Amino acid sequence: MLNKLRGAVIDFTGLFLFGLAMCLFSYKETIQLMFQLPASIYKMNTIFFSILIEAFPFVLLGVIISGLIQIFITEDHIKRWIPKNKYLAITMGCLLGAVFPGCECGIVPIIRRLLNKGVPIYAATGFMLTGPLINPLVIISTYIAFGNDLKIAFLRMGLGFIIALIIAIVMSLSIKMKPLRSSTHKKIKRDHHDFKASLLTKISGAMIHATDEFFYMVKYLILGILFAAFVQTYISYETLFSLGEGEAVATGLMMVLAYLLSVCSEADAFIAASFSNLFPISALLGFLIYGPMIDLKNTLMLLSVFKTKFVAVFFVVVTVIVFSVVLLFQGFYHR
Amino acid sequence: MRFSFIHAFRAMILLLFVLLVGDLYYSGELFMLINPDYQNLNGLAVFILIILFLVQLQRVWFQSEVCGHACEHDHAHDQGTFNIKTCLAYLIIVFPIFTGFILPFTTLDASTAANRGVMLSLTSHALSAQNAEPFYYPNATMDDNHQYDTPEDINLYSNMVTKDEYENALAQLVEQDPIIMTDQDYSIYYEAINKDMENFSGKKITLNGFVYKNPSLDYNQVVIGRFLITHCIADASYIGFLAELNQAPQWSEDAWVAVTGVIKITEYEGVKLPMIQVEEWEVINEPDQPYLYPMHITIR
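Let me begin by describing the structure that accompanies this report. (Residues numbered from 1 in each chain as written. Chains lettered and ligands numbered in written order. Predicted model: local features only at pLDDT ≥ 70, side-chain atom pairs only at ≥ 80, totals over all residues. Heavy atoms only, no water.)

## Describing the pattern of salt bridges
Counted under the stated rule, the structure contains 10 salt bridges over all chains. One salt bridge in this structure joins E198 of chain B and K272 of chain B, with 3.7 Å as the shortest N-O distance. Placement of the pair is E198 of chain B in helix α9 (residues 197-200) and K272 of chain B in strand β9 (residues 271-284), with a sequence separation of 74 residues. Connected through salt bridges with shared partners, the residues R112, R113 and E213 of chain A form a single ionic network. (Salt bridge = Lys/Arg side-chain N within 4 Å of Asp/Glu carboxyl O. Helix = DSSP H or I, 4+ residues; strand = E, 2+ residues; numbered from the N terminus.)

Written out as structure tokens, the structure is:
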């Protein structure tokens, strides 16, 4: 009886919320016409929305996968699957990331969950680096962007993989502290799950986790995108490139650009391609490899999961290694 | 049975996100933001949001005595405790709903093109002629007038062609005079003309685009071009041609024009660029679909 009543009340609440939302929406146009702001504000809002809409499916898939991991994968599974040897574990993390079709913002909730489940940080780092960088969508878009030429696409994958391995190893040697924020760490201890529950209960549990994860992550995503949209609206990259010339400078500038633009890894190849004849290959690879590993919008998401010190070290290590490896490659490429 | 305000609020946020994205889709405004090829991904996003909303709805009324599954997961912001940090977090989450609600979307214009380095992009595309191997033209495999099986306004939905259609379109380009830059062919023709400008020099060309002016150009020169969108407008790149005509100074920036002219080769800061010597022109309205999408070739 009580359950029936509860069901009816929930239905009613849903209908009420829906009605309220529809009411709000019917006033949309009237409100929009009521005032006029500077054109650049509208443009920034449009760019902000386009990145948000672009990122949403990936983030939502990320939180769903994260919820499923929370419910269906136990710490024992992880212990059994991950090799004891650190370097083997890193290689495995990188390989799994390469197979996994991720995006730099969708992968953060998954990483958070995996770390909570006891995946060692070095393996997770490898996974986080190759996940957005190496996947079929990225290969295809890079291939198309560079005039149906496989060279850049292959270099992006191959060199990117090697760089990810090096970064994961360096990180594992240089970081001794617990990387997670304490607030996220405490929480897992409370989540204790009955792994014998029915499938339906499990799935609904996973969805509840997904919802919580969504609300936890989305605010950082929004802030990050807001910064990126600001940069895209108000900063001209023609002035950025007037700063200097030369291989190292060009590579550095393209990496700065990749960081600031925060474009999804599925789509950044066309931007790189539009510079393909002005800059050396190291600058293009720097842009294509650095962007998926770290950018403005995902730095904020990383800060939500990891301690600030960890993110700072990660940022420096990724920047230095990507920069030096692509320049080194440029040296060999000339010969 | 108790009512949880915070859970009701969260359910409302999820619902508003669903409506916001759904509304974009039905009003067609979505295509001012992303490449239509990716609209299915957006359907997926809406689907997941609806599921999350339905799950969230179950948590609005909870039974206090049988504290079920849901309770354990209420971390950080528990029922009723509303501190500044939580408030700020929800303000950020509500922000896009708010701006999406009160601010209409605009089309990217010349100032965005300027930010993205129009002249850099033009010279970069033109430089490809110097260091690339000769451009490859496939042999025509279809009849004279290349036709797509798909409707003409295909660009509004997708820019998917078969390999045959693609090769045929390129093969046609060599014989075409005047060259007509349709929405569908624009990006591949643009690339071909830049790579092989000597071959196209002297041919007639018809295209439309919006006007971009740069102080480094001659007084009678402007750039006419459009944005190419890969995934979302944040990754838009500007592709356009230098155009020359005496009436250029009276054109206002951002105006959409349809021009017909002859392709010539000129030099800009030491780089050879294809340029259109405009013969006929008219000012037009902004097209329904102002953006271009890269051509995707289905592999068979």
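## Here's the deal with the nonpolar core
The biggest cluster of nonpolar side chains holds 220 residues, and the ones touching the most others in it are I163, I167, F214, M293 and F306 of chain A together with M181 of chain B. In terms of residue count, the dominant contributor to this core is helix α3 (residues 39-72) of chain A (17 residues). Counting contributing residues per domain, this core is built from domain 1 (2-102) and domain 2 (110-298) of chain B, each supplying no fewer than three. In contact with I163 of chain A, not counting residues within four places along its chain, are I289, M293, I321, V322, V325 and V326 of chain A. (Core = buried A, V, L, I, M, F, W, Y, C linked by side-chain atoms within 4.5 Å. Buried < 20%, exposed > 50% of the residue type's maximum accessible area, 1.4 Å probe, protein only. Domains from an automatic or database assignment. Contact = heavy atoms within 4.5 Å.)

## Describing helix α1 (residues 2-26) of chain A
Taking 1.5 Å of rise per residue, 25 residues should cover 36 Å, and α1 of chain A covers 36 Å from first to last C-alpha, within 8% of that figure. Turning to α1 of chain A, its buried residues are R6, V9, I10, T13, G14, L17, A21 and F25 of chain A. The elements touched by buried residues of α1 of chain A are α2 (28-33) of chain A together with α1 (5-27), α2 (39-57), β2 (61-62) and α4 (84-102) of chain B. (Expected span 1.5 Å × (residues − 1).)

## Let's talk about the environment of A269 of chain A
All names here are of chain A. Secondary-structure assignment places A269 in helix α14 (residues 268-273). On a C-alpha basis, the gap between A269 and F146 in space is 7.6 Å, while along the polypeptide they are 123 residues apart. If we skip the residues at most four places from it in the chain, A269 touches S141, T142, A145, F146, R156 and L288.

## Considering the interface of chain B and chain A
Contacts between chain B and chain A engage 90 residues on the former and 79 residues on the latter. For the pairing of chain B and chain A, the buried interface totals around 7,700 Å² over both sides, and the portion due to carbon and sulfur atoms is 71%. Where chain B touches chain A, the interface holds three salt bridges. A salt bridge links R59 of chain B to D212 of chain A, with the nearest nitrogen and oxygen atoms 3.3 Å apart. For the pair chain B and chain A, the number of links is nine residue pairs in polar contact (both at pLDDT 80 or more). When residues of the side of chain B that touches chain A are traced back to their parent elements, those giving at least two are α1, α2, β2, α3 (69-72), α4, α5 (110-115), α6 (118-131) and β10 (296-298) of chain B. Looking at the side of chain B that touches chain A, the element that brings in the most residues is α1 of chain B, giving 14 residues. Of the residues belonging to the side of chain B that touches chain A, the class tally is 56 nonpolar, 23 polar and 11 charged. (Buried area = accessible area lost by both parts, 1.4 Å probe. Polar contact = N/O pair within 3.5 Å; in protein donor to acceptor, adjacent residues only side chain to side chain. Nonpolar A, V, L, I, M, F, W, Y, C, P; charged D, E, K, R; others polar.)

## Considering unusual backbone geometry
Residues and elements named next belong to chain B. Residue D254 is not a glycine yet carries a positive backbone phi of 75°. Of note, D254 is situated in the loop between β7 (237-244) and β8 (256-268). One non-glycine residue, E269, adopts positive backbone phi at about 45°. Topologically, E269 is positioned in the loop between β8 and β9.

## Topic: the pairing of β8 of chain B
Within a regular beta strand, the side chains point alternately toward one face of the sheet and then the other, so they alternate between its two faces. Residues and elements named next belong to chain B. Across seven bridges, strand β5 (residues 204-212) lies against β8 in antiparallel orientation. Each residue of the ladder has a partner; that of K204, found in β8, is V262. Bridge count for β8 against β9 is 13 bridges, and the pairing is antiparallel. Residue W256 lies in a different strand from β9, and its bridge partner there is I284. (Pairing = 2+ DSSP bridges.)

## Let's talk about the packing of aromatic side chains
Applying the stated criterion across every chain, the model contains 24 aromatic pairs over all chains. Members of the aromatic cluster, connected to one another through ring pairs, are F56, F214 and F215 of chain A together with F5, F9, F17 and Y90 of chain B. Its guanidinium or amino end placed over the ring of Y122 of chain A, K86 of chain A lies 5.7 Å from that ring's centre, counting from NZ or CZ. The residue whose ring lies beneath R10 of chain B is F215 of chain A, and the NZ or CZ to ring-centre distance is 4.4 Å. (Phe/Tyr/Trp six-rings, centres within 6.5 Å; stacked < 30°, edge-to-face > 60°. Lys NZ or Arg CZ within 6 Å of the ring centre and 35° of its normal.)

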